[in-house]
Amino acid sequence: MHGREFSDNDMSAFKGRRRPGYSALLDAVRAGECDVVVSTEMSRLTRHPRELEDLVDLIEATGVYVSALRAGHIDLSTSGGRVTARILGAMARMESEQMGERIRSKLAANAKTGKPSGGPRPFGYQRVDGRLVVDTTEAKLIEGWAQAILAGSSVSSIVAELNASGIPTVRGGRWTGPTVNQILSSPRMIGMTSSGGEPVAPADWPAILDRRKWEQVKGVLNSRRRGPTPRKTLLAGLVECGLCGARMTGAGRGPNRSRQYVCQKQRAGCGRMTATAGAVDDYVNGVVLGAAELANLSIVRAERHVKDSARLIAEVAEDEQLLNDLAADLGARRIGRAEWISARGPLEERLRENRAALAAVGAGDRLPPDLVQLDDAKWAALSFDQQRAVIALFIDRVTIDPVGNKAGSKFRPERVRASWLA
Ligand SMILES: [Zn+2]
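Parameters at a glance
Residues numbered from 1 in each chain as written. Predicted model: local features only at pLDDT ≥ 70, side-chain atom pairs only at ≥ 80, totals over all residues. Heavy atoms only, no water. Helix = DSSP H or I, 4+ residues; strand = E, 2+ residues; numbered from the N terminus. Buried < 20%, exposed > 50% of the residue type's maximum accessible area, 1.4 Å probe, protein only. Contact = heavy atoms within 4.5 Å. Donors = N, O, S within 2.8 Å, 3.2 Å for Na, K, Ca; no water. Salt bridge = Lys/Arg side-chain N within 4 Å of Asp/Glu carboxyl O. Core = buried A, V, L, I, M, F, W, Y, C linked by side-chain atoms within 4.5 Å.

### Here we look at the overall build of the protein
Along the protein, the regular secondary structure elements total 13 helices and twelve strands. By the burial criterion, 37% of the 422 residues in the protein qualify as buried. Of the contacts formed within the protein by residues at least 6 apart in sequence, a portion of 56% connects residues at least 24 apart.

### A few points about the coordination of the zinc ion
Bound to the zinc ion on the protein side are C241 (SG), C244 (SG), C263 (SG) and C270 (SG), at distances that span 2.3 Å. Here the donor residues for the zinc ion map to a single chain with the spacing C-x2-C-x18-C-x6-C. The exposure class assigned to C263 is buried, which follows from its relative accessible area of 1%.

### Side note on the pattern of salt bridges
This model, assessed by the stated rule, comprises 13 salt bridges. In this structure, the salt-bridge partner of R355 is E320, at a minimum N-O distance of 2.5 Å. Placement of the pair is R355 in helix α11 (residues 337-364) and E320 in helix α10 (residues 297-331), with a sequence separation of 35 residues. Per residue, the accessibility class of R355 equals that of E320, and both read buried. A salt bridge links D329 to R334, with the shortest nitrogen-to-oxygen separation between them at 2.8 Å. Of the residues examined, R334 reaches a relative accessible area of 57% and is grouped as exposed. Among the charged side chains, a network of salt bridges with common partners joins R211, E215, E320 and R355.

### Describing the nonpolar core
The biggest cluster of nonpolar side chains holds 32 residues, and the ones touching the most others in it are V280, F394 and I400. Only β7 (239-241), α9 (277-294), α10, α13 (384-394) and β11 (395-400) provide two or more residues apiece to this core. In terms of residue count, α9 provides more of this core than any other element does, seven residues in total. With sequence-adjacent residues up to four places away left out, F394 is seen in contact with V288, A291, A292, A295, L297, V300, S419, W420 and L421. Membership of the second largest hydrophobic core comes to 27 residues, among which are V155, I158, L162 and L209.

### Here we look at the side chain of Q387
Tracing the chain through its elements places Q387 in helix α13. Residues in contact with Q387, not counting those within four places in the same chain, are L234, W379 and L382.

Purely spatial values, then, with no claim about function.
In structure tokens, the structure reads:
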């Protein structure tokens, strides 16, 4: 047995350049000069999905045996092996591209400032002996922005104010929406290092915003980016079918009176339940108003916020920890890429949901300013969003039960069960 080495040293992996060593290797395989190909890593052998697919074709045609030392043996003649190789290839490609982006943006920043390293200081901080310390004037501004966003102000109104005031950016230029967005969304604000915009570990600089406020601001900014989803039916999202438990959706044209809550088959429901929306809404409004008249809504709200945000913050912190642990497991090779990918998906999904929920706590609610002794007249004067916000303080969901054995739309109060928030 004899070996022959093919190499493409110092070839940038993903610029689509030809790799003479790799081409020579393929020629040798095609010519039947070798029957085993050994590489240190799959990503060093095939650096582009196209190359991998060419290799797979070649293996099928020639029966050559391919092994990557660090990934263990990957049998490219089986479908399982090919899937593994494709995933590894895609991951390596992504990492290399991200590395490229990081390097490019760093070079761009350095080029602009003319500095050998680092780039400009972040807004809100000054560099003192190479460390970041809080610039109290700018930190106050940032806190003010956060407060304004949570109170419903737009980023563009903040930008307009900044530009009118003559306060410069750290680069000395004019303010833009993305600049303000980026400052507020940065994990730097809570004294954390970041990766891909997500907080990673406690940093050696102080926080400007507290964790809760920062999460809320981020959530509000994100939800605005997606755009508002207008709800036309007062209890949309709260009503569930008593037969199958599915969410019922508002359906029907025209004003609320002619609309119905429907359990829809195309939304995984049983399709057998409808209820007149106006009647259900009136009934639930009445029940909620009864509770609201007795309660001081500001106290109810304060209690709800404390409970919800404490739970959500704990969950967010826990999921972040789990993600970090997973990354560490991957780094230490206790788990493989495929396991890492499948484990982090659900975690990231839950993180997104909890962040959005946290943003909705307090910031998202549109409670009326006058929270004492809400009566019929005050209720009627509330906007649609305000009414929803009051209902959401009390009601977790509303279940519609069938009438006897018939699930028709005829309204009877006993068909409606409101489940109250604890
Ligand atoms: Zn149903």
